[in-house]
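An overview of the molecular structure
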Amino acid sequence: MARWCYRHRLVVLLLWVGALFGVGFAGSAAGTDYANSFSLPNTDSTRAYNLMEKAFPQSSGDTDTVVWKVDDGTVRDESVRSRIEPALEEIGRMEGVGEVSSPYAAQGAAQISENGRIAYAQVTFTEQANSVPKELVEDVVDTAQDAERAGLQVELGGQAITRVQEPPTGIAEMVGIVAAAVVLFIAFGSLFAMLLPLVVAIAALGTGLMATSLLSHVTDVPEVAPLLGSLIGLGVGIDYALFIVTRHRKGILRGMKPEEAAVTALNTSGRAVLFAGGTVCIALAGMLVMNMRFLDGVVIATSLTVVLSVLAATTLLPALLGLLGMRVLSRRQRRRLAAAGPESEEASGLAARWSAFVERRPRSVAVTALVAMVLLALPVLSLRLGATDQGNHRESTTTRQAYDLLAEGFGPGFNGPLQVVAERGDTDALVSAIRSTEGVAQVAAAPPAQGITVIQVVPTTSPQSEQTDQLIDRLREDVIPESGTEAHVGGVTAIFKDFASVTGDRLPYFVGAIITLGFLLLLVAFRSLVVPLTAALMNLIAAAASFGVLVAIFQWGWGAELLGLGKEGPITAFLPVIMLSLLFGLSMDYQVFLVSRMHEEWVHTKDNARAVRVGLAETSRVINCAALIMICVFSAFVLSGDMEGAMAGIGLAAAVALDAFVLRTALVPAAMHLLGNSNWWLPEGLEKRLPHLAVEPAEEAAEVGGAAGAVENVPHARVPDDKGHSTVVHGFVRGADGGPVEGAVLTLHSQSGGLRLDQVTSLADGSYIVSVPAPGPYLLSATAPGHAARARSVTVGEGPLVYDVELAEDEMDAVN
């Protein structure tokens, strides 16, 4: 498929452009129909909601609030009324406004605070908040705030008002794309190579978001779903393309033609992308275990963007590679390739030095990394799930000001009243019992309708307070049963409390499901019991540490205002499920990419230390680059203007940073060094029963030339003899002082020295590996600038031979 897309690039491009604009046009014409339904079946709040719908069908429009406060006098003063009343009348005449309830009307006395300094009016639109034209809301805000003067403060709150104070749509995505572009340009040094992952991600994300808006007309998709779809789609879209482009560029630099490099890249990294995308979707589908209908739409939106990201990376990307040809390399790389020829694919520099350091001090690295993760995870012990509201907005916003004014004038619980819904019977005793209950500020019963009575209960504490949760429990467990009335406690505050309770109860099953699934996938991929067990443990540590960061910032408020995140509060109830799905999916990506290279080296050498060292040295740079891009993309969602989006963005950015820079770069390789060959243990009986799954096929060995064949500059090539035997000689090249020698050329000759069989260059840590066609005696020579040449006879048996070479400065060793 990769070759077909490469050769028919114009057809593929036209198909993608047609799909993007076609779905975009259909989505724009149809609009959106997102539904924010947080109710859960078989919960007390849902029963209350259903009864209220039956007795009091909800009005079709969204109700928002205009709040004003005077510094001196009261809101009843003529100087205040003369400014507020005309503004309210003008708002009431606007097209799209259904009704304005004024505190100056005959029934409005309750809308003025006891001290007379704060009052509010309710503005009911003819449409729900998502459908109210933005221009209308802006006119309402401007008209109301034009009534302000010195000593008179006017603020507005409500869902429609919140929408107009949010940053322009797409600003978070744009900031994330720009930051990712900078990282890509630094990594590749080429403008065209930088653009490739961005174009692929944008094409997939644009198609996915428009398709999600269309799906919102046929199924319940929550309003937060497209935001989360953007979050994960943009991150994985860029990363998947990055993996493939990196492998493609390496292929060209190693002497392949662009088409063959693209095909090889798709057959290696492309297969890993397919596996990684599949695991992300499976992890997302794990949310279905929660049996919460609200999350079904989130699964649809996020999975759709991931699927399209994989599709774009495996079809659109090879077509774009075909258009660019050699221009995927920078001009300097093209000139160097033409002048010096192909380069070898060997890890060097900081990555190789760090890998060698981890091998030398695995215990110190493991303990340091583990202590850091545990310290970051400690705040998770105080995790409290709940709901965010306009009281968590930034202090500068009018919605936060309106929220605070209402709390000041009418009590903290006014912003989150409870509804006690009684189906039949005399409710006087119930009202009296509720009024005398600790934690209740106000109680008012509406006239019954169809035998159903709704009792409005205003708590003395805010909607996010633990005391409010305790009041709900007190009403349900004690007050209502003792009154002898059948009643249910509902309202937004009660709904979110039930949501948090159900989430907490079902979360262990959810975590168990995705951990088990990830274990099975890695078990099949790497033929090991220890590797998937280690990965599962690391994923749990990463989750705990990332939630610790989340609690410290959003629940404890450490740096929240500084980051422009608003006031601290509980963690949104549905966020742990979504974050854990994304986190486990992304962690699986990095684990597969890292361990697959280690596994390949282990299969070749059966040397665990070398497998871990080489795997880390050759993959850590790409993993860190991919992680840095995801951190930029996720962190940018702080600018989305949505508290849930900001929580998910910072939580996932912290999770990716800890996962890539601490777990995969330090703790995982250190643990694998300590575990030794046990990493790759698998019972023989299980080995026979497991299906075979190749995440990434082994690269083809170099062509064998001549009678016996010669392999040049291919460190991991293996040349079989007529019977299929092959093995290796590997070890370290050291100087007289014991330090590693980088760049030493090691050549394997036949016993007589007349035929060269393999030649490699030592890595930064001095390690090398040469291929041996069959057991027997051979001659191994080593040369390096500034050192005397050395040659030794080595006898290789059926397995790999470990042989360390020491080069001296002033002596020549005779051939033994």
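Starting from 1, residues in each chain are numbered consecutively following that chain's sequence as written. Per-residue local features of the predicted model are confined to residues with pLDDT of at least 70, and side-chain atom pairs are confined, for both listing and counting, to 80 or more; whole-chain, interface and lining totals are unaffected and use all residues. Just so you know, side-chain values use all the structure's heavy atoms and leave hydrogens and water out.

**Some remarks on the overall build of the chain**
Regarding its fold elements, the chain presents 23 helices and 19 strands. Each principal axis of the C-alpha atoms in the chain carries an extent, and together these give about 110 × 55 × 45 Å. By the convention used here, residues are in contact when the closest approach between their heavy atoms is within 4.5 Å. Restricting to contacts in the chain with at least 6 residues of sequence separation, those with at least 24 account for 76%. Note that accessible areas follow from Shrake-Rupley with a 1.4 Å probe, and for residues the cover is restricted to the protein chains shown. Carbon together with sulfur atoms contributes 56% to the accessible area of the chain, which is approximately 34,200 Å² in total. Across the chain, 56 positive and 82 negative side-chain charges occur, with their mean positions spaced 9 Å apart. Helix numbers and strand numbers start at the N terminus; a helix is a DSSP run of H or I with at least 4 residues, a strand a run of E with at least 2. In summary, the charge assignment counts Lys and Arg as positive and Asp and Glu as negative, without counting His or the chain termini. Where a charge sits is defined by one atom per residue type, namely NZ (Lys), CZ (Arg), CG (Asp) or CD (Glu).

**Things to note about the environment of Gln333**
Within the fold, Gln333 resides in helix H12 (residues 331-340). Once the C-alpha coordinates of Gln333 and Ala573 are considered, the two residues, 240 residues apart in sequence, prove to be 51 Å apart. Apart from the residues lying within four places of it in its own chain, the contact partners of Gln333 are Phe188, Arg249 and Leu253.

**Describing the pattern of salt bridges**
Salt bridge, as applied in this entry: a Lys or Arg side-chain nitrogen positioned within 4 Å of an Asp or Glu carboxyl oxygen. Scanning the entire structure with this criterion turns up 14 salt bridges. For Arg400, the salt bridge goes to Asp404, with nearest N and O atoms at 3.1 Å. With Arg400 and Asp404 both in helix H15 (residues 398-410) and 4 residues apart, this pair spans about one turn of that helix. A relative accessible area of 6% means that Arg400 is categorised as buried. In this structure, the salt-bridge partner of Arg476 is Asp498, at a minimum N-O distance of 2.8 Å. Here's how the labels work: a residue is buried when its accessible area is under 20% of the maximum for its type, exposed when over 50%, partly exposed in between, all with a 1.4 Å probe on protein chains only.

**Focus: the sheet that holds strand E1 (residues 63-70)**
At least two bridges found by DSSP between two strands are what make those strands a pair. In spatial order, the strands read E2-E3-E1-E4; together these 4 strands make up an open sheet with antiparallel pairing. Edge positions in the sheet fall to strand E2 (97-101) and strand E4 (152-157), since each has one partner strand and no second. The mean angle between the axes of side-by-side strands here comes to 20°, regardless of whether they run parallel or antiparallel. Bridge count between E1 and E4: 6 bridges; the pairing is antiparallel. Within the sheet, the bridge partner assigned to Val70 lies in E4 and is Leu152. Under this scheme, a helix contributes an axis fitted over its contacting stretch, all axes are lines through C-alpha atoms, and angles between N-to-C directions fall in the 0 to 180 degree range. Its contacts with the sheet put H15 on E1, strand E3 (118-125) and E4, and the angle it makes with E4 is roughly 110°.

**Regarding the packing of aromatic side chains**
How two aromatic rings sit relative to each other is set out by the distance from centre to centre and by the angle between their planes. Ring geometry is summarised as follows: Phe, Tyr and Trp rings, the Trp one being its six-membered ring, pair when their centres sit within 6.5 Å, and such pairs are stacked at plane angles under 30 degrees, edge-to-face over 60 and tilted between the two. Taken as a whole, this structure holds 7 aromatic pairs when the rule is applied. One aromatic cluster is present, built from ring pairs that chain together Tyr120, Phe410 and Phe414. A ring has a charge above it when a Lys NZ or an Arg CZ is no more than 6 Å from the ring centre and no more than 35 degrees off the ring normal. A cation over an aromatic ring shows up here: Arg327 above the ring of Phe192, its NZ or CZ 5.6 Å from the ring centre.

**Some points on the environment of Leu523**
Mapped onto the fold, Leu523 is located in helix H18 (residues 492-526). If we skip the residues at most four places from it in the chain, Leu523 touches Ser528, Leu529, Pro532, Leu682, Leu686 and Leu690.

**Concerning the side chain of Gln419**
Along the chain, the position of Gln419 falls in strand E6 (residues 418-422). Under the relative-accessibility criterion, Gln419 is labelled buried at 13%. We define a polar contact as two N or O atoms separated by no more than 3.5 Å, with the added condition that, inside protein, one atom must be a possible hydrogen donor and the other a possible acceptor, whereas residues neighbouring each other in sequence contribute only through side-chain atom pairs. Polar side-chain contacts of Gln419 include one of 3.0 Å to the side chain of Gln456. If we ignore the near neighbours within four places in the chain, the residues touching Gln419 are Met52, Val454, Ile455, Gln456, His488, Val489, Gly490 and Gly491.

**Things to note about the sheet that holds strand E7 (residues 440-445)**
The 4 strands lie next to each other as E7-E8-E6-E9, forming an open sheet whose pairing is antiparallel. Two strands close off the open sheet at either side, each with one partner strand: E7 and strand E9 (487-490). Averaged over all adjacent pairs, the angle separating strand axes in this sheet is 20°, with direction ignored. Pairing of E6 with strand E8 (residues 453-459) involves 5 bridges; the strand directions are antiparallel. Bridging from a neighbouring strand, Ala422 pairs with Thr453 of E8. Sheet strands touched by helix H16 (residues 428-435): E6, E7, E8 and E9. Its angle to E7, the strand with the most contacts, is close to 165°.

**Quick notes on the pairing of E3**
Summarising burial for E3: 7 of the 8 residues are buried, a large majority. The pairing of E1 with E3 spans 7 bridges and is classified as antiparallel. Note that in E3 the partner of Val66 across the bridge is Ala121. As paired elements, E2 and E3 share 4 bridges and run antiparallel to each other. Paired with Val100 across the two strands is Val123, which belongs to E3.

**Re helix H20 (residues 575-605)**
Expected span of a helix, by definition, is 1.5 Å for each gap between consecutive residues, and there is one gap fewer than residues. With 31 residues, H20 should reach 45 Å at 1.5 Å per residue; the first-to-last C-alpha distance of 44 Å fits that figure. Taken from the residues just after H20, Lys606 is the one with a positive phi, measuring 55°.

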